[in-house]
Amino acid sequence: MTDPLRQLSREGVAIWLDDLSRQRLVSGDLAALVRDKHVVGVTTNPTIFRNAISASDIYDEQLSQLAQLDVSAAEAVRLITTHDVRSACDVLRPIYEASGGRDGRVSIEVDPRLAHDTARTLAEARLLWWMVDRPNLLIKIPATEEGLPAISACLAEGISVNVTLIFSLVRYEAVMAAFLDGIEGAQRAGRDLSRIGSVASFFISRVDTEIDRRLDKIGTTQAQMLRGKAAVANARLAYRLHEQVFTSERWRRLAAAGAQPQRPLWASTSVKDPAYDDTRYVVDLVAPGTVNTMPEATLQAVADHGVIKGDTVRGRYTAARELFDQLAAIGIDYDDVVRGLERDGVAKFQASWTELLEDVETALASHRSRRASC
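Novice: Can you explain the packing of helix H8 (residues 147–156) against helix H9 (residues 169–188)? Please cite residues and give values.
Specialist: Contact geometry for H8 and H9: axes closest at 7 Å, N-to-C directions at 30°. Our classification of the angle between H8 and H9 gives roughly parallel. Between H8 and H9 lies a crossing of right-handed hand. Along the contact surface, H8 presents Leu-148, Ile-151, Ser-152, Leu-155 and Ala-156, while H9 presents Arg-171, Ala-174, Val-175, Ala-178, Phe-179, Asp-181, Gly-182, Ile-183, Gly-185 and Ala-186. A per-class count over the contact of H8 with H9 returns 10 nonpolar, 3 polar and 2 charged.

Shown next as structure tokens:
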């Protein structure tokens, strides 16, 4: 029998899980996915943590203890999430060591409410790095204009970074430039470049969702023929930019000093439109030196019926550029699309973070009330 996930790994795609909960950790589920499904990394975000904490009573004991200490909701969230991420880092530590620091990484995101505040983003990144205290951690920082200097500063200090919420090609170029600036800063500081990791999380499905919505509004036959093609084309052009940057003389100098490249990470790979194949954002984005982070449903779908056809990115750049020319010709403004997606992406994570704080505050209040009534 074929093993599509093994095939995917052999094509140079690192399989990461886009989910984390304490239940996965204590049950051994995460370890099983590492063992049986070729998972070599984990990503998290505010929505994932909110779902994990609000959907289970496994956190009650820790919440009760934190309530006794009268900690704030924000401090409780930080303590709970760093605990889970630290444990996940320990599960994946053997992969980190075996891969020379390339994989075995676990991501934790800075408070998304700081997405437009460089100084506070940097301060929180430093705090999370210190609190988790694991070399295979990645600090997730949004790729906003204000996030870019924080990304460079973190890397220069030896803090590994997952740059998140990338939608546009122009912003991706800026992210790679920030990465190179940061690694050069680390080199000047005499740091071990081989242990500084970074991925650039390029969001996929949301691009199709938004462009398809605009195509449906146009409603012509030509518009309908272009549905469901933009997200993959956008990612393929991003990979082309990655190839150009990471074959440059500037990069070769850093690589010679031991630096690891910043890999493109395909994020938001669950299919939102049921008319589309549920593995498309995996099987259509196979290229060496990439990461695909999948929610478990997508991971299991690929394992069950994914058809890995080899490299499906390189050699398809011309067709991808032509697609965007066609979209522009019928009135789809790419720059407006990606600006809106970044704005909405930050807003959604901010909303999830606020809801998480509210849920935790309610739980803390409940535990305090029960303690007072005893």
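Novice: Which residues make up the sheet that holds strand E3 (residues 105–109), and what values do they have?
Specialist: Strand order in this closed barrel of 8 strands is E1-E2-E3-E4-E5-E6-E7-E8, and the pairing throughout is parallel. For this sheet, the mean inter-axis angle between neighbouring strands, taken without regard to orientation, is 30°. Alignment of strand E1 (residues 13–17) against strand E2 (residues 39–42), held across 3 bridges, turns out to be parallel. Bridge pairing in E2 links Ile-15 to Val-39. Along the sheet, helix H6 (residues 73–98) contacts E2, E3 and strand E4 (137–142); its crossing angle with E3, the most-contacted strand, is approximately 160°.

Novice: I'd love a proper account of the environment of Val-163, names of residues and values included.
Specialist: By the secondary structure assignment, Val-163 is in strand E5 (residues 161–166). Here Val-163 falls in the buried class, since its relative accessible area comes to 0%. Along the primary structure Val-163 and Ile-141 are separated by 22 residues, whereas in three dimensions their C-alpha atoms are 5.1 Å apart. When residues no more than four places from it in sequence are discounted, the contact partners of Val-163 are Ile-141, Ala-143, Ile-151, Val-175, Val-199, Ala-200, Ser-201 and Gln-262.

Novice: Pulling in residues and values, what's your account of unusual backbone geometry?
Specialist: With phi around 55°, Asp-70 is a residue other than glycine that occupies positive phi space. Mapped onto the elements, Asp-70 comes out in the loop between helix H5 (60–68) and H6. Phi at Ser-268 is positive, roughly 55°, even though this residue is not glycine. Note that Ser-268 resides in the loop between strand E7 (263–267) and helix H14 (280–283). Classification of Ser-268 as buried rests on a relative accessible area of 11%.

Novice: Run through the nonpolar core, naming residues and quoting values.
Specialist: Burial of nonpolar side chains together is a common tendency in soluble globular proteins. Counting residues in hydrophobic clusters, the biggest one holds 123 residues, and the most contacted among them are Val-85, Ile-139, Leu-327 and Val-360. Setting aside residues no more than four positions away along its own chain, Val-85 makes contact with Leu-20, Phe-49, Val-106, Ser-107, Ile-108, Val-132 and Leu-137.

Novice: Let's hear about the side chain of Glu-184: which residues, and what values?
Specialist: Its location among the elements puts Glu-184 in helix H9. For Glu-184, a relative accessible area of 19% gives the class buried. Those residues within four positions of Glu-184 in sequence are excluded, and the remaining contacts are Arg-250 and Leu-254.

Novice: Describe the packing of aromatic side chains, with residues and values.
Specialist: All chains considered together, the criterion is met by 7 aromatic pairs. Measuring from ring centre to ring centre gives 5.3 Å for Phe-324 and Tyr-334, while their planes differ by 80°; the resulting arrangement is edge-to-face. Pair noted here: Phe-324 is in helix H16 (residues 317–329) and Tyr-334 is in helix H17 (residues 334–373), with a separation of 10 residues, a long-range link. Each residue in the set Tyr-172, Phe-202 and Trp-266 is aromatic and connected to the rest through ring pairs, giving one cluster. Positioned over the ring face of Phe-349 is Arg-206, at 5.7 Å from the centre of the ring.

Novice: Tell me what's going on with the pairing of E1, and back it up with residues and numbers.
Specialist: Counted residue by residue, E1 has 5 buried out of 5 residues, so it is predominantly covered. Burial along E1 is two-sided: the residues Val-13, Ile-15 and Leu-17 and Ala-14 and Trp-16 are all buried. Strand direction decides the pairing type here: E1 and strand E8 (residues 290–294), joined by 5 bridges, are parallel. In the sheet register, Val-13 faces E8, and the bridge partner there is Thr-290.

Novice: Quick one: what's the story with the state of the cysteines, residue by residue and with numbers?
Specialist: Between two cysteines, a covalent bond joining their sulfur atoms is known as a disulfide. Under the definition given, this model contains 0 disulfides. Free of any disulfide, Cys-89 has its nearest neighbouring cysteine sulfur in Cys-154, separated by 16 Å.

Novice: Run through the packing of helix H4 (residues 46–54) against H17, naming residues and quoting values.
Specialist: Running from N to C, H4 and H17 point in directions that differ by 25°, and their axes come no closer than 8 Å. Accordingly, the angle class assigned to the pair H4 and H17 is roughly parallel. Of the two possible hands of crossing, H4 and H17 adopt the one that is left-handed. Residues Pro-46, Thr-47, Phe-49, Arg-50, Ile-53 and Ser-54 of H4 form the contact with H17, whose own contacting residues are Phe-349, Ser-352, Trp-353, Glu-355, Leu-356, Asp-359 and Val-360. In terms of residue class, the contact of H4 with H17 is built from 7 nonpolar, 3 polar and 3 charged.

About the criteria used
- Residues numbered from 1 in each chain as written.
- Predicted model: local features only at pLDDT ≥ 70, side-chain atom pairs only at ≥ 80, totals over all residues.
- Heavy atoms only, no water.
- Axes fitted to C-alpha atoms, helices over the stretch in contact; angles between N-to-C directions.
- Helix = DSSP H or I, 4+ residues; strand = E, 2+ residues; numbered from the N terminus.
- Parallel < 35°, antiparallel > 145°, perpendicular 65-115°, else oblique.
- Left-handed = near helix turned anticlockwise from the far one by under 90°.
- Contact = heavy atoms within 4.5 Å.
- Nonpolar A, V, L, I, M, F, W, Y, C, P; charged D, E, K, R; others polar.
- Pairing = 2+ DSSP bridges.
- Buried < 20%, exposed > 50% of the residue type's maximum accessible area, 1.4 Å probe, protein only.
- Core = buried A, V, L, I, M, F, W, Y, C linked by side-chain atoms within 4.5 Å.
- Phe/Tyr/Trp six-rings, centres within 6.5 Å; stacked < 30°, edge-to-face > 60°.
- Lys NZ or Arg CZ within 6 Å of the ring centre and 35° of its normal.
- Disulfide = S-S within 2.5 Å.

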